[in-house]
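Results of the structural survey
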4 protein chains.
Amino acid sequence: MSRTDRPRLGVGMVGYAFMGAAHSQAWRTAPRFFDLPRTIDMAALCGRDGAAVAAAAERLGWASTETDWRALVERDDVDLVDVCTPGDTHEEIAVAALAAGKHVLCEKPLANTLAEAERMAEAARAAEARGQVAMVGFTYRRVPAVQLARQIVEEGRIGRVRHVRAQYLQDWIADPEAPLSWRLDREKAGSGALGDIGAHVVDLAQFVTGEWLTGVSGLLETFVHERPVAEAHAGLRGSAGADRGPVTVDDAAVFYGRLTGGGLATFEATRFAWGRKNAIRLEINGEAGSLAFDFEDMNVLHLFDASEPARTAGFRRIVVTEADHPFVGAWWPAGHGLGYEHGFTHQVVDLVEAVAAGAAVRPTFDDGLQVQRVLDAVERSSLADNVWVPVPGPRRAQPAAARE
Amino acid sequence: MSRTDRPRLGVGMVGYAFMGAAHSQAWRTAPRFFDLPRTIDMAALCGRDGAAVAAAAERLGWASTETDWRALVERDDVDLVDVCTPGDTHEEIAVAALAAGKHVLCEKPLANTLAEAERMAEAARAAEARGQVAMVGFTYRRVPAVQLARQIVEEGRIGRVRHVRAQYLQDWIADPEAPLSWRLDREKAGSGALGDIGAHVVDLAQFVTGEWLTGVSGLLETFVHERPVAEAHAGLRGSAGADRGPVTVDDAAVFYGRLTGGGLATFEATRFAWGRKNAIRLEINGEAGSLAFDFEDMNVLHLFDASEPARTAGFRRIVVTEADHPFVGAWWPAGHGLGYEHGFTHQVVDLVEAVAAGAAVRPTFDDGLQVQRVLDAVERSSLADNVWVPVPGPRRAQPAAARE
Amino acid sequence: MSRTDRPRLGVGMVGYAFMGAAHSQAWRTAPRFFDLPRTIDMAALCGRDGAAVAAAAERLGWASTETDWRALVERDDVDLVDVCTPGDTHEEIAVAALAAGKHVLCEKPLANTLAEAERMAEAARAAEARGQVAMVGFTYRRVPAVQLARQIVEEGRIGRVRHVRAQYLQDWIADPEAPLSWRLDREKAGSGALGDIGAHVVDLAQFVTGEWLTGVSGLLETFVHERPVAEAHAGLRGSAGADRGPVTVDDAAVFYGRLTGGGLATFEATRFAWGRKNAIRLEINGEAGSLAFDFEDMNVLHLFDASEPARTAGFRRIVVTEADHPFVGAWWPAGHGLGYEHGFTHQVVDLVEAVAAGAAVRPTFDDGLQVQRVLDAVERSSLADNVWVPVPGPRRAQPAAARE
Amino acid sequence: MSRTDRPRLGVGMVGYAFMGAAHSQAWRTAPRFFDLPRTIDMAALCGRDGAAVAAAAERLGWASTETDWRALVERDDVDLVDVCTPGDTHEEIAVAALAAGKHVLCEKPLANTLAEAERMAEAARAAEARGQVAMVGFTYRRVPAVQLARQIVEEGRIGRVRHVRAQYLQDWIADPEAPLSWRLDREKAGSGALGDIGAHVVDLAQFVTGEWLTGVSGLLETFVHERPVAEAHAGLRGSAGADRGPVTVDDAAVFYGRLTGGGLATFEATRFAWGRKNAIRLEINGEAGSLAFDFEDMNVLHLFDASEPARTAGFRRIVVTEADHPFVGAWWPAGHGLGYEHGFTHQVVDLVEAVAAGAAVRPTFDDGLQVQRVLDAVERSSLADNVWVPVPGPRRAQPAAARE
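Given the structure is predicted, the values throughout are model-derived calculations rather than measurements.

1. Description of the pairing of strand 2 (residues 39-46) of chain C
Residue and element names in this part refer to chain C.
- The buried count for strand 2 comes to six of eight residues, which makes it a mostly enclosed element.
- As a crossover connection, the stretch from strand 1 (residues 8-14) through helix 1 (residues 18-33) into strand 2 is right-handed.
- Of the pairings in the sheet, the one linking strand 2 to strand 3 (residues 64-66) comprises three bridges and is parallel in character. Within the sheet, the bridge partner assigned to Ala-44 lies in strand 3 and is Ser-64.
- In this region the chain leaves strand 2, passes through helix 2 (residues 50-60) and returns to the parallel neighbour strand 3; the handedness of that crossover is right-handed.

2. Here we look at the interface of chain C and chain D
- If you look at the interface, chain C gives 45 residues, while chain D gives 45 residues.
- When the buried surface of chain C facing chain D is broken down by residue, Arg162(C), Tyr256(C) and Trp274(C) rank first, second and third, together holding 20% of it.
- Summed over the shared surface of chain C and chain D, the number is eight salt bridges.
- Its salt-bridge partner being Arg281(D), residue Glu283(C) comes within 2.7 Å of it at the nearest N-O pair.
- The interface formed by chain C and chain D includes 25 residue pairs in polar contact (both at pLDDT 80 or more).
- Residue assignment for the side of chain C that touches chain D shows that the elements contributing at least two residues are strand 7 (161-169), strand 8 (213-221), strand 11 (252-259), strand 12 (264-270), strand 13 (279-286) and strand 14 (289-294) of chain C.
- A breakdown of the residues in the side of chain C that touches chain D according to their chemical character gives 21 nonpolar, 13 polar and eleven charged.

3. Notes on the interface of chain A and chain B
- The interface of chain A with chain B comprises 45 residues on the first partner and 45 residues on the second.
- Taken over both partners, the interface formed by chain A and chain B buries close to 3700 Å², and the fraction arising from carbon and sulfur atoms is 57%.
- Summed over the three residues of chain A that lose the most area to chain B, namely Arg162(A), Tyr256(A) and Trp274(A), the buried surface amounts to 20% of that side.
- Connecting chain A to chain B are eight salt bridges.
- Seen at the junction of chain A and chain B, the total is 25 residue pairs in polar contact (both at pLDDT 80 or more).
- Elements with a minimum of two residues in the side of chain A that touches chain B: strand 7 (161-169), strand 8 (213-221), strand 11 (252-259), strand 12 (264-270), strand 13 (279-286) and strand 14 (289-294) of chain A.
- Of the residues belonging to the side of chain A that touches chain B, the class tally is 21 nonpolar, 13 polar and eleven charged.

4. Looking at the relation of the copies chain C and chain D
- Once chain C has been moved 0.0 Å along the axis and rotated by 180°, it coincides with chain D to within an RMSD of 0.0 Å. The symmetry that links the two subunits is that of a two-fold axis. Every residue of chain C has its C-alpha some distance from the rotation axis, and the shortest such distance is that of Val387(C), at 2.1 Å.

5. Focus: the sheet that holds strand 4 (residues 80-83) of chain A
Residues and elements named next belong to chain A.
- In space, the six strands of this open sheet follow the order 3-2-1-4-5-6, with parallel pairing throughout. Both outer strands of the open sheet, strand 3 (64-66) and strand 6 (134-137), are each paired with one neighbouring strand and no more. On average, adjacent strands in this sheet sit at an angle of 25° to one another, irrespective of strand direction.
- When strand 4 meets strand 5 (residues 103-107), the two strands line up parallel, connected through four bridges. Looking at the pairing, Val-83 lines up with Cys-106 of strand 5.
- Together, strand 5 and strand 6 form the strand contacts of helix 10 (residues 365-383), whose direction differs from that of strand 6 by roughly 45°.

6. Regarding the domain arrangement of chain A
Residue and element names in this part refer to chain A.
- For chain A, the assigned domains are domain 1 (3-139) and domain 2 (141-339 + 362-390).
- A straight line from the C-alpha centre of domain 1 to that of domain 2 covers 24 Å.
- Listed per partner, the contact involves 31 residues of domain 1 and 31 residues of domain 2.
- Between domain 1 and domain 2, a total of about 2500 Å² is buried, with carbon and sulfur atoms accounting for 66% of that surface.
- Of all residues in domain 1, the largest losses of buried area upon contact with domain 2 belong to Phe-33, Leu-114 and Phe-138, amounting jointly to 25% of the total for that side.

7. Let's talk about the packing of aromatic side chains
Residue and element names in this part refer to chain A.
- On inspection of all chains with the given rule, the structure shows 69 aromatic pairs over all chains.
- Plain terms: the ring middles of Phe-34 and Trp-331 are 5.9 Å apart, the flat faces sit at 75° to each other, and that makes the pair edge-to-face. Of this pair, Phe-34 sits in the loop between helix 1 (18-33) and strand 2 (39-46) while Trp-331 sits in the loop between strand 16 (315-319) and helix 9 (342-357); the two residues are 297 residues apart in sequence, bridging distant segments of the chain.
- Overall, Phe-34 belongs to the buried group, its relative accessible area being 11%.

8. Structural notes on the side chain of His163(B)
- Mapped onto the fold, His163(B) is located in strand 7 (residues 161-169).
- Polar side-chain contacts of His163(B) include one of 3.2 Å to the side chain of Glu268(A).
- Here the side chain of His163(B) touches Thr270(A) through a polar contact of 2.8 Å, side chain to side chain.
- Those residues in contact with His163(B) that sit more than four places away from it in its chain are Phe223(A), Ala252(A), Glu268(A), Thr270(A), Phe272(A), Leu264(B), Glu283(B), Ile284(B) and Asn285(B).

9. Section: the relation of the copies chain A and chain B
- Structural alignment of chain A on chain B gives an RMSD of 0.0 Å, achieved by rotating through 180° and translating 0.0 Å along the axis.
- Looking at the interface residues of chain A, 100% of them are also at the interface in chain B, so both copies use one shared face.

10. Remarks on unusual backbone geometry
- Along the chain, Arg362(A) connects to Pro363(A) via a cis peptide bond; the corresponding omega equals 0°.
- Mapped onto the elements of the fold, Pro363(A) is located in the loop between helix 9 and helix 10.
- Of note, the phi angle at Asn386(A) is positive, near 65°, even though the residue is not glycine.
- Counting through the fold element by element, Asn386(A) comes out in the loop between helix 10 and strand 17 (389-390).
- With a phi close to 55°, Asp385(D) is a non-glycine residue in the positive phi region.
- Looking at where Asp385(D) falls in the secondary structure, it is placed in the loop between helix 10 (365-383) and strand 17 (389-390).

Rules and cut-offs
- Residues numbered from 1 in each chain as written.
- Chains lettered and ligands numbered in written order.
- Predicted model: local features only at pLDDT ≥ 70, side-chain atom pairs only at ≥ 80, totals over all residues.
- Heavy atoms only, no water.
- Buried < 20%, exposed > 50% of the residue type's maximum accessible area, 1.4 Å probe, protein only.
- Helix = DSSP H or I, 4+ residues; strand = E, 2+ residues; numbered from the N terminus.
- Right-handed = clockwise from strand over helix to strand, strands pointing away.
- Pairing = 2+ DSSP bridges.
- Contact = heavy atoms within 4.5 Å.
- Buried area = accessible area lost by both parts, 1.4 Å probe.
- Salt bridge = Lys/Arg side-chain N within 4 Å of Asp/Glu carboxyl O.
- Polar contact = N/O pair within 3.5 Å; in protein donor to acceptor, adjacent residues only side chain to side chain.
- Nonpolar A, V, L, I, M, F, W, Y, C, P; charged D, E, K, R; others polar.
- Least-squares fit on C-alpha atoms with pLDDT ≥ 70 in both.
- Axes fitted to C-alpha atoms, helices over the stretch in contact; angles between N-to-C directions.
- Domains from an automatic or database assignment.
- Phe/Tyr/Trp six-rings, centres within 6.5 Å; stacked < 30°, edge-to-face > 60°.

See the structure below:
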């Protein structure tokens with residue numbers, strides 16, 4: 001198929017902050033490096049402030065703007081709605097978009113409450129039956145080293161999983177004077193470290209092992225209960241003003257659980273780990289080997305193969321930049337590493353291929369719901385003296401997909 | 001004091017396997033590098049098999065032998081009894097030695113049950129009042145990098161502790177065909193990964209933070225329930241025979257708890273982490289900085305100081321081999337690292353100084369008891385749907401000691 | 001200045017292989033993340049094969065095509081010519097473009113011979129006097145961690161430089177059956193490891209120290225003299241055909257030299273270091289501290305500050321992803337690392353700012369020439385029993401520039 | 001053979017500073033962990049100051065003392081003379097001891113001049129013909145990870161060697177106010193960084209590759225020409241006094257050479273690398289794989305095996321603490337790492353086995369001479385505009401030995 005023959009895919013995006021910038025870069029870049037089955041048309045960007053959204057659209061490369069997401073999801077030139085807003089609006093926008101016949105990419109966590117997530121997953125199932133695609137943005141799945149980890153587990157190379165050790169460590173509010181943001185507001189964000197970053201490591205643990213958590217015991221903690229109100233925003237942080245306001249979410253979450261295969265998994269999510277900027281660590285010990293990953297060294301995967309003679313066995317530092325590593329062949333020669341935003345581009349690639357194939361693509365809304373069930377169980381355990389809270393399994397077998 | 005003027009300290013040791021070899025090396029080596037206030041006399045080694053203990057005594061440097069520990073603890077030329085046997089005999093030997101007026105060094109864990117530990121601690125308190133010293137062998141405290149970590153916390157340099165992340169990962173029974181040993185037998189060992197290696201990380205967490213755990217939620221797991229019976233032993237492992245027997249202890253333990261200062265601590269102890277040989281990992285995040293240690297790189301401590309400008313802040317890789325690092329000045333020039341057994345030598349140094357001073361030295365039996373209380377609480381939580389189990393605090397303030 | 005008011009900058013690029021793809025990504029991306037003083041118009045792409053260049057232009061985002069670079073450099077809508085061809089054509093294209101009044105960005109190494117480089121630098125000096133900008137593409141200078149290293153040296157924080165230890169290690173032709181490419185052909189490439197990758201580490205050493213090499217002793221080596229002819233190309237490598245042809249360049253270069261400040265510098269460039277994919281390593285030891293960088297962990301810079309007390313001194317692992325690190329603020333929050341191609345975007349940013357300011361930007365063609373002089377001296381030393389070959393200093397003081 | 005039946009080996013040691021302490025620890029410890037064919041009798045320690053040597057003998061475990069080395073080498077109860085003095089006395093003592101029929105262990109470098117080393121090697125050859133053993137103390141050969149590296153090269157696993165990258169980096173005189181010591185005095189030490197630490201990496205490169213250097217080009221440098229005179233000594237450093245004196249040796253040496261197999265080797269030895277305490281780094285790239293070692297992480301060897309599929313290939317971090325690793329089985333379980341002094345113990349083990357077998361043991365004095373030839377060639381190259389200086393090969397094939 002020549003490039004000009006490709007059907008058009010009109011995209012409309014809601015929200016243009018941190019995630020909006022990352023998604024825009026992905027929509028712009030994917031067609032430049034990958035041979036997509038659709039021609040991407042970045043049709044419209046939506047935000048409530050007309051002047052601000054117009055400036056953002058020019059900067060980020062969107063052809064037009066809307067100030068009401070309801071208008072966006074009804075536009076004929078929009079085939080796919082990309083939801084980059086805080087979690088409190090996910091259900092409303094995503095369900096409306098699906099109802100309007102659009103494909104949907106929704107940022108994580110899927111929703112702020114389990115009930116919202118249930119309704120979204122139900123809407124997605126119905127839409128998938130109509131040939132629509134609904135994907136949730138657990139982008140770290142598409143870091144090449146994480147993809148390779150999944151492949152290695154799937155190939156049986158480390159055997160049945162006995163241990164998962166997952167941590168997401170940041171330090172951007174370790175300073176008690178770091179100002180408030182919507183991420184510290186339960187109304188907007190649903191939860192704190194648990195839903196924002198804990199969700200990622202729960203998803204990664206389930207994705208890489210190919211198993212589900214069947215129950216958890218957990219503990220949430222808020223270390224700093226009041227902070228300065230932010231005056232200006234930049235990245236995750238803003239600058240502090242004179243007023244103070246309450247922190248209404250958890251600062252840190254620790255929990256452990258059991259996987260469907262019987263393995264044990266431990267989790268920690270915190271924004272109070274001084275010196276760890278975005279350390280997403282995943283270690284897996286299986287019956288036949290081990291894997292280790294740390295996003296602070298994102299182009300590397302460590303593999304221990306227990307079938308090797310002990311004399312020369314050791315964790316291999318695989319530099320995941322070879323042409324036959326997942327997604328890598330489209331980029332640069334070996335050793336010329338990728339960065340944070342490449343995962344978003346890979347997400348777009350798989351999403352567009354799924355749209356063209358009329359097939360589901362994981363993480364589906366059901367995958368997102370399953371993460372939500374874990375987060376909910378952790379919260380309930382934390383409120384009930386840390387007692388074990390079972391997590392119900394997914395309602396259906398997951399759809400097969402070209403790329404997980 | 002010239003060397004020849006020093007009073008003699010007669011030492012009698014019970015047991016001569018892995019721990020006995022390490023302790024012997026320490027008793028032989030300490031006077032060669034450190035200026036001890038006592039002349040060490042390695043008076044007698046005790047074991048049940050007369051021929052075997054005689055051969056061991058010659059190899060390890062003990063002047064005589066006993067085949068009954070009761071005879072050993074009564075010998076006039078023995079001032080200090082060093083207990084290197086499995087946990088099921090600790091109480092009996094240590095209490096008798098204390099009753100006989102001897103100083104005692106007892107390997108960890110202090111005992112196999114909480115009741116035993118309580119009685120031992122009580123005996124030690126009484127003996128300390130008579131000027132005797134009773135120490136428990138949590139040797140990893142005296143790795144110089146761990147000592148430095150303690151000093152840095154004590155100096156307030158990382159501020160109040162918010163997070164402890166402690167893991168002890170091994171792989172020596174990850175192979176289901178690795179044979180049985182006394183360490184997998186509940187009668188001898190009391191528990192498995194929890195008491196053998198989990199005890200170390202609980203002690204390290206409490207030592208370095210200077211805090212106690214006030215409660216825990218935990219989960220124990222046995223992955224492999226039956227193994228070949230061992231025929232010969234070498235190090236931790238033996239070679240497998242044809243018969244099979246049951247594993248009666250836990251293979252892995254995961255738990256989290258809260259520290260007296262309000263911080264959260266997570267723990268994992270497992271012998272099923274392929275590729276991790278003796279990975280004792282301790283990370284601490286405080287209000288003002290962080291520390292990280294991994295025994296796989298035992299001469300190094302990582303420190304993040306949050307007071308530095310972000311532009312040039314970063315975890316410092318401190319090579320703990322400088323002359324002014326704890327214990328290091330007695331050894332080699334900077335960069336000429338120490339090994340596993342040096343911690344045992346340092347333990348002897350502090351113990352002998354305490355004996356000479358008539359003062360207590362930490363870890364006391366009360367410290368060992370406090371670890372035991374945590375282990376016991378983890379076991380009870382694991383049996384009770386992982387519900388929170390409070391850990392009672394120590395009965396008395398700890399004695400001040402020259403070296404912790 | 002609002003975006004629409006910005007003057008247009010028409011860009012024409014020659015070549016569209018590996019470097020062309022990287023430069024295109026930079027031209028597309030720079031305006032999305034940085035506030036440039038010009039509106040970039042990717043006006044024309046030039047290549048000899050009309051159909052191929054048309055396909056590349058569509059994929060890479062260029063508005064039109066040319067098949068003769070002479071036509072390109074004469075186009076009125078082209079203000080800047082970006083030269084991404086092999087080294088044997090650099091002089092001809094760059095000099096013609098400068099003569100036609102265009103700004104020029106020329107890939108490294110500046111030229112294949114010293115004579116060519118001398119003429120190019122002369123042309124650039126004349127053009128700069130007319131307000132044109134000529135820059136050579138030593139992109140690794142603009143990796144944020146490298147920029148930070150330069151700032152730290154400039155601030156005097158590590159003191160006068162005593163040692164530089166620079167290596168560029170790859171393994172893409174370590175297999176003797178890896179096929180030929182233009183990079184192994186002296187006619188096209190000028191030299192092998194020396195000019196392709198050795199040039200980068202010479203430039204980095206001179207850039208970060210702010211000094212020049214005053215002489216060198218060196219040795220070149222070709223390990224594999226004949227290889228299969230390539231049939232298809234992908235990245236740096238192609239697939240092997242049945243015929244064989246000669247390798248006419250060096251496979252590896254080792255050399256050492258002296259810096260203007262008296263320090264010693266050692267260099268190694270090789271494509272035969274199995275397991276090292278793109279390891280650009282730079283260590284600098286000064287009178288007051290040290291720096292270390294390895295492109296295999298490109299978002300990290302290690303700093304040792306000798307003014308710290310030895311007890312807590314250590315190499316700091318600075319994660320160079322903070323908002324106040326060079327170029328980083330425009331991208332993502334802390335810890336969300338950048339990749340290989342970001343250096344190209346930063347190069348475009350500084351280039352466009354220089355064009356707008358009518359000022360020179362480093363690395364100038366004189367900087368490129370100075371690298372060439374070092375490479376030439378290494379080749380001559382290698383041919384003359386490794387005797388010391390002095391390197392003449394730059395003809396003039398370097399122009400001050402907003403960003404080095 | 002039972003322990004008591006073993007023939008006695010009387011040892012006399014000359015010198016009791018840093019090296020004397022390390023050797024003493026080895027003589028004391030070897031019989032405790034290894035089954036030696038001789039009973040070690042630490043018969044006599046020799047030093048010029050009678051009171052000081054008596055104190056040292058007591059502390060280090062020697063049975064008697066001498067104040068004249070001539071008396072020591074004539075003692076009937078001394079079978080082996082261990083020379084731990086500065087290099088200017090090596091020839092005199094070692095040759096006399098060999099003439100007196102003693103076995104000799106001589107610290108490195110073998111001698112201060114090539115002529116001395118030639119005479120010593122000649123004396124050793126004659127003595128070996130009489131059944132005596134002469135060994136030079138390149139102790140780092142017997143770090144288990146280095147031994148494993150040698151085995152892996154010998155087994156052909158990394159193929160023919162193309163590159164060696166060897167560095168020995170320290171910082172103990174990086175401070176210009178660090179005081180003088182005999183190591184900075186040409187009369188005593190022969191040379192500076194070159195002979196003290198450069199000798200080690202030359203030996204390691206030749207040992208691990210099993211090849212010789214055939215020629216070199218090199219450069220020596222003294223950065224600091226005058227320093228305070230030392231008042232007291234501790235480890236490598238002393239404390240500074242008010243007077244100043246000249247530094248008469250090199251502070252740093254850089255050189256490259258060619259191996260007998262055609263590979264290239266680069267070397268750097270410096271005491272001015274701030275933050276590197278005792279970084280002995282050795283990287284080897286062969287036709288089929290690579291090895292990397294750094295003494296700062298001495299229990300680890302990194303191996304890249306190019307025969308593995310690129311998708312899961314990577315440098316393996318081998319923790320060299322398994323029972324079947326060289327020397328390791330005698331010590332502790334896996335993961336319980338060794339330290340600096342263990343290499344000295346291993347040296348004693350092999351030396352005593354050679355004595356019992358009446359066989360040579362490497363490094364022989366010829367091996368030491370060969371290192372000396374390289375150092376001499378580097379010095380001559382440095383004085384002659386860095387021109388290539390050939391290194392003559394060894395006079396004879398090396399003796400086969402149980403352990404290299």
